[in-house]
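# Notes for the structure review
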Amino acid sequence: MLLVISLLSCGEEVQPEPFAQMVIECDAETVSGNKFIAGQELLAGAETQSSDYSRSGNYSVKLDVTAPFAFGYVFTNIKEGDVIEVSAWRYLEGGIGSLVISDYDSENGVSERSDIVHKEDNGWGLMKCLFVASKDFDSIVTYALNSSDEPAYFDDFEIRAFFNNSKPDDSFDGLEITISDSIYDTLVERRKIALDQGVITADLKEYVKASLTIDGEKVPVDLRLKGDWPDHLETNKWSFRIKIKGNNAFRGMKSFSIQNPNTRSFMNEWFAHKLYEQEDILTTRYIFVPVIINGEKKGVYALEEHFDKQLLEYRERREGPIVKFDESGVWQVNLYQNEEGTYYNVPLLASAEIVPFKKNRTKRSLVLSQQLKTAQWLMNRYRNHDPFVGEYFDVEAAAKLIALTDVINGKHGQIWHNQRLYFNPVTNKLEPIAYDCFGEQNSTERKVEITGLKRENKVHFTLFEFLLTNPEVEEMYLSYLKEYTDSKFMEQALKSLQNEINAVQELLHFEYPNCALEIDIFKENCTKLKEQLPEYEQFIESPSEEGNPQEPFRTLPKNVLFTDVALKAYVRDTNDYGKYRVDLQNFHSSELRVFAYALKGNRDSLIPLVEVSIAAYNGSTDEQLLRLEEKPKWIYYRASNCGSKIFRYKVGKWDKPERVQHIKKNTNVMVPRIGEEGLIVFRGTQEFHSDVVVNQGMRVIFEPGTKVNFTNGASFVSYSPVDFEGTEDHPVHIFSSDGTANGFTVISNEESSLTYVKFENLNTMRKNNWILTGAVTFYEGKIDIDNCEFLDNNCEDGLNLIRCEFEMTNSTIENTFSDGFDADFCIGTVDNCYFENTGNDAADFSGSKVTIKNCTILNAGDKGISGGENSTLIIENTSIDGANIAIAAKDLSKLFVSHSTVSNSNVVFAAFRKKPEYGPALIEAEKMTLLDNKKERLLELRSKLILDGKEHVGTESFDIEEMYADFQKTFIPKKRGPINPNVE
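Residues numbered from 1 in each chain as written. Predicted model: local features only at pLDDT ≥ 70, side-chain atom pairs only at ≥ 80, totals over all residues. Heavy atoms only, no water.

### Examining the overall build of the protein
What the protein contains, in helices and strands, is 14 helices and 67 strands. Counting only C-alpha atoms, the protein reaches 105 × 80 × 70 Å along its principal axes. Split into buried and exposed, the 984 residues of the protein put 57% on the buried side. Within the protein, contacts between residues at least 6 apart in sequence are counted, and of these 64% link residues at least 24 apart. About 40,800 Å² of surface is accessible on the protein, with carbon and sulfur atoms providing 45% of the total. (Helix = DSSP H or I, 4+ residues; strand = E, 2+ residues; numbered from the N terminus. Buried < 20%, exposed > 50% of the residue type's maximum accessible area, 1.4 Å probe, protein only. Contact = heavy atoms within 4.5 Å. Areas by Shrake-Rupley, 256 points an atom, 1.4 Å probe, with all protein chains shown as cover.)

Right, here's the structure in full:
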């Protein structure tokens, strides 16, 4: 404050006139007394003028502890929403120094400070600092500062100030929120508590009722304050989490957060998400929208999608649990530090429960609940630094994310309690989700460093650093680093995104006229990373010696215990003695003694126990076991360092992470061809009673006439491509004589080919919580299928392709329990294929672009051809005989049908919206032959059928769930009767 007061005594106070912009430029060349002359303005600190170095002209300013500031300028009467940006060039070989924009309030002051170098040029670095007034201020001061002994040199100081900025008009598609007065008062009180305590604790994040206006109608939502730190609430743009209820969505999202654009560094965060999206790295949707609350224009907000199934579907992933490490302990420790001034290092990560998003949905779904158990075990391996990374983590996804995050240099989301991971139910592995890259504009990561180099001389690694100790991950990571740091990568990204960049800047410029994508930062990042690559490659070849291990956790003093860390209890049913098993774990630095429990709804009615002692945490946790006849909801305990004080722990919904058995590689199939390596060849007749697993880096070949029988629940899983070399006279036969085979699954992004293959009597993969839907499943890669048969398979999908490019010709699918052919997020062609007796849909496409031609469909239990989730289907010269709905378009899908025949169906054309995040569907049909059908069309509100040029539009909504009631089938794998493989 002495510095600020002295600055005031020599600064120039200016009250801005009501115009849009003020620009002040000072090159440190001209002085008058102790002030610099900058056009018509005067700036304080001319006594620091120096000829030691200069970027332009002959002078700069030299700042050190004896003369710590310069370029002082004072604004008065600043209004809420006014924007001030200062920039200057700093000599890079000198001290660091900062740019500062601040008010004068010594107790509740507002200050922005930045020492980030945005761009380098000829030994000088460009620095910027941005200030957006969160309220009215009497005075605001700007200056350059260096209070250290090492001199810092600044030149070419510039101020740009923008006043009386406007809000976007009603032409922008914004978000209109209505909150009742009483509920708004509740939010005001919660905000005040959060600002006072310095943390937005969980008790302040309870949801309240509100509404959104969507398509002119008010729809109900649940809304709460959002964020961890109070910067989310300091301005008039409070951060909110919003969940839309019912059959409604906003821009395809059911749940999302809105926050001040400054909270995530304006366009930098948006651009980072776009780069992740471009590289098919899982990430949330991140957009900018105008927001109106109770009729008041709040201006532009950043809107970020939350972790829901819509995120996965939009990114072309199948639904699976999204999980995280619970962070409640982190905020309890931080709150204690804010209140008591002391931070204690406790085992936060080790004690954190592994929890899913969308808890109620996960609990209600048997499939998601089973998948969650696997996800928890994989997460447990991840945090405990299991070296076999490829068994639990998608290696390529990890390598791409870490490399691109280095380029972006926005690593806030890599902190363990910020990480969000998706359990991919097809690959049975974790995928990271990129989000929350940056802090505020002035606190962007400054040091650019290859994450792999940060491992040097370490024993204790961050989670991402540890992933890079795996050679496979590190090799891919280095490859992607080289690709992403090449100038072509950024140039191509900018070219493809230019129209979107312009649109975002146009919207933001209403309130933030100088806001633009700081592309120079990203280019500088690439340059600095490229300079480090030789050192990193040398480090990989000869790693440095390990350094000192992490400092052990401290023993907490008397009467200090963190309840969100200390005790963990997991309850599960058991057939053993005692109806419920309770696993107790101690992460507290002193002994815990459990002495009672309580039931749900009666937490104050304690039921005594024979006291159970759990030893203190000492780098590993002690575990004890209770067996109870009643299911406890609360566990009561004391700690040896807290005397007689009683603590209680609320038992959660989720199981303790426990080992899930993995399907292991079967070396019996390793039969290489003579003289060739990397090949696995099936020939003749073979029978497998246990799982066959082929790892990456191989090539699997099935020779003509090969017969492979999978019995006793055996499965085939290949992470390498497969080639079936069957012929018309000698086809390949894959079957299960006892009907128990757990599917034929290929997970590879390479090309596979299937020629003259019969897949018969197979079940689908349902083993060790790995649950797939196809008797035959291909994930990613290019697939050619010709003259193949998929017969009598007991499965949800006879053939399931996911994220594939495919050609399927001259093939047959018959007698499947549910769908015959299901393609999710695919591009391909189905030509001259035959479908008969499918329990549900003959051919079902989601998020796909497919041409279907010259096909025949007989006796489809539900739909003949179905396109959903924004699919585009071209259907030509195809016959559908016998279906509930012959041709169905759902959820923004577009189907173009011509020269086709539909007969004996209940409904010929149906177009509707099934999922709220999508919109109405469209069918265009011409030159059709329609015979003996009960109803021509079924159209939901705003969905269209254009039949031979005549448009029909749905006028009312109908109950989709009721419509589907007759066709909902619960798939239960079952053993089929024996088959004779010698009978074709």
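The discussion continues.
### Describing the nonpolar core
The biggest cluster of nonpolar side chains holds 95 residues, and the ones touching the most others in it are Phe271 and Tyr382. Discounting chain neighbours no more than four positions away, the residues touching phenylalanine 271 are Met490, Leu494, Leu497, Leu517, Ile519 and Phe522. With 72 residues, the next largest nonpolar core counts Ala775, Val830, Ala886 and Val897 among its residues. (Core = buried A, V, L, I, M, F, W, Y, C linked by side-chain atoms within 4.5 Å.)

### Side note on the environment of glycine 413
Summarising the element assignment, glycine 413 is placed in the loop between α9 (395–408) and β25 (420–424). Measuring from C-alpha to C-alpha, the distance between glycine 413 and serine 811 comes to 47 Å, with 398 residues separating the pair along the chain. Setting aside residues no more than four positions away along its own chain, glycine 413 makes contact with Asn418, Gln419, Tyr435, Asp436 and Cys437.

### Some remarks on the sheet that holds strand β29 (residues 592–598)
Taken in spatial order, the four strands of this open sheet run β30-β29-β32-β33, and their pairing is antiparallel. The outermost strands of the open sheet, each flanked by one partner alone, are β30 (607–614) and β33 (647–650). Sheet twist, expressed as the mean angle between neighbouring strand axes with direction ignored, is 30°. (Pairing = 2+ DSSP bridges. Axes fitted to C-alpha atoms, helices over the stretch in contact; angles between N-to-C directions.)

### Some remarks on the pattern of salt bridges
Tallied over the entire structure, the rule returns 50 salt bridges. Note that aspartate 196 is salt-bridged to lysine 192, the shortest N-O span being 3.1 Å. Within this pair, aspartate 196 and its partner lysine 192 are both found in helix α2 (residues 181–197), separated by four residues, close to a single helical turn. Judged by relative accessible area, aspartate 196 falls into the exposed class, the value being 59%. The exposure class of lysine 192 is partly exposed, given its relative accessible area of 47%. A salt bridge links arginine 803 to aspartate 280, with the shortest nitrogen-to-oxygen separation between them at 2.3 Å. Here arginine 803, found in the loop between β50 (797–802) and β51 (805–809), pairs with aspartate 280, found in the loop between α3 (267–278) and β21 (286–293); they are 523 residues apart in sequence, far enough to count as distant. What makes aspartate 280 partly exposed here is its relative accessible area of 37%. Because the salt bridges share partners, they merge into one network encompassing Asp280, Arg317, Glu431, Glu780 and Arg803. (Salt bridge = Lys/Arg side-chain N within 4 Å of Asp/Glu carboxyl O.)

### Examining the packing of helix α11 (residues 471–485) against helix α13 (residues 519–541)
Contact geometry for α11 and α13: axes closest at 10 Å, N-to-C directions at 155°. In terms of orientation, α11 lies roughly antiparallel with respect to α13. Handedness of the crossing formed by α11 with α13: left-handed. Along the contact surface, α11 presents Glu474, Tyr477, Leu478, Leu481, Lys482, Tyr484 and Thr485, while α13 presents Cys526, Leu529, Lys530, Leu533, Tyr536, Glu537 and Ile540. Residue composition of the contact of α11 with α13, grouped by class: nine nonpolar, one polar and four charged. (Parallel < 35°, antiparallel > 145°, perpendicular 65-115°, else oblique. Left-handed = near helix turned anticlockwise from the far one by under 90°. Nonpolar A, V, L, I, M, F, W, Y, C, P; charged D, E, K, R; others polar.)

### Some words on the confidence of the model for the protein
Considering every residue of the protein, the mean pLDDT works out to 89; 91% of them sit at 70 or more. The model gives residues 1–12 a pLDDT under 50, and that stretch makes 27 contacts with residues more than four places away or in other chains. Low pLDDT, under 50, characterises residues 670–675; the predicted model gives this stretch 13 contacts beyond four residues in sequence or across chains. (pLDDT = per-residue confidence, 0-100.)

### Some words on the packing of aromatic side chains
One pass over the full model with this rule turns up 45 aromatic pairs. For the pair phenylalanine 438 and phenylalanine 522, a centre-to-centre distance of 6.5 Å together with 75° between the ring planes defines the contact as edge-to-face. Here phenylalanine 522 lies in helix α13 and phenylalanine 438 lies in the loop between β26 (429–433) and α10 (463–467), a separation of 84 residues in the sequence. Comparing phenylalanine 438 with phenylalanine 522, the two get one shared label, buried. Judged by centre distance (4.5 Å) and plane angle (5°), the ring pair of phenylalanine 682 and phenylalanine 702 falls under stacked. Taken as a pair, phenylalanine 682 in strand β34 (residues 679–682) and phenylalanine 702 in strand β37 (residues 699–702) lie far apart in primary sequence, 20 residues in all. For the residue pair phenylalanine 682 and phenylalanine 702, the accessibility class agrees, reading buried in each case. By way of ring pairs, the aromatic residues Phe682, Phe688, Phe702, Phe710, Phe716, Phe724, Phe744, Phe759 and Phe790 are connected into one cluster. Over the ring of tryptophan 634 we find arginine 603, and its NZ or CZ is 5.4 Å from the ring centre. (Phe/Tyr/Trp six-rings, centres within 6.5 Å; stacked < 30°, edge-to-face > 60°. Lys NZ or Arg CZ within 6 Å of the ring centre and 35° of its normal.)

### Regarding unusual backbone geometry
Negative phi characterises most residues that are not glycine, and trans characterises most peptide bonds. Positive phi is not limited to glycine here, since asparagine 768 has a value of about 55°. Residue placement: asparagine 768 occurs in the loop between β45 (766–767) and β46 (770–771).

### A short note on the side chain of asparagine 800
With respect to the helices, strands and loops of the structure, asparagine 800 is situated in strand β50. Given the relative accessible area of 0%, asparagine 800 is considered buried. At a separation of 3.5 Å, a polar atom in the side chain of asparagine 800 contacts the side chain of aspartate 824. Sequence-distant contacts of asparagine 800, defined by excluding residues within four places in its chain, comprise Arg318, Thr773, Gly774, Val776, Thr777, Phe778, Asp822 and Asp824. (Polar contact = N/O pair within 3.5 Å; in protein donor to acceptor, adjacent residues only side chain to side chain.)

### Focus on the environment of leucine 494
Tracing the backbone through its elements, the reader meets leucine 494 in helix α12 (residues 487–508). Take leucine 494: its relative accessible area is 15%, and that puts it in the buried class. Sequence separation between leucine 494 and proline 632 is 138 residues; the distance between their C-alpha atoms is 57 Å. Apart from residues lying up to four places away in sequence, leucine 494 is in contact with Phe271, Ile501, Leu517, Ile519 and Lys523.

### A few points about the environment of leucine 873
One can find leucine 873 in strand β59 (residues 872–876). Accessibility expressed as a relative area gives 0% for leucine 873, which makes it buried. Note: C-alpha distance between leucine 873 and aspartate 185 (688 residues apart in sequence) is 51 Å. In this structure, leucine 873 is in contact with Phe845, Ser848, Val850, Ile852, Ile865, Ser866, Gly867, Lys894, Leu895 and Phe896, ignoring residues within four places of it in sequence.

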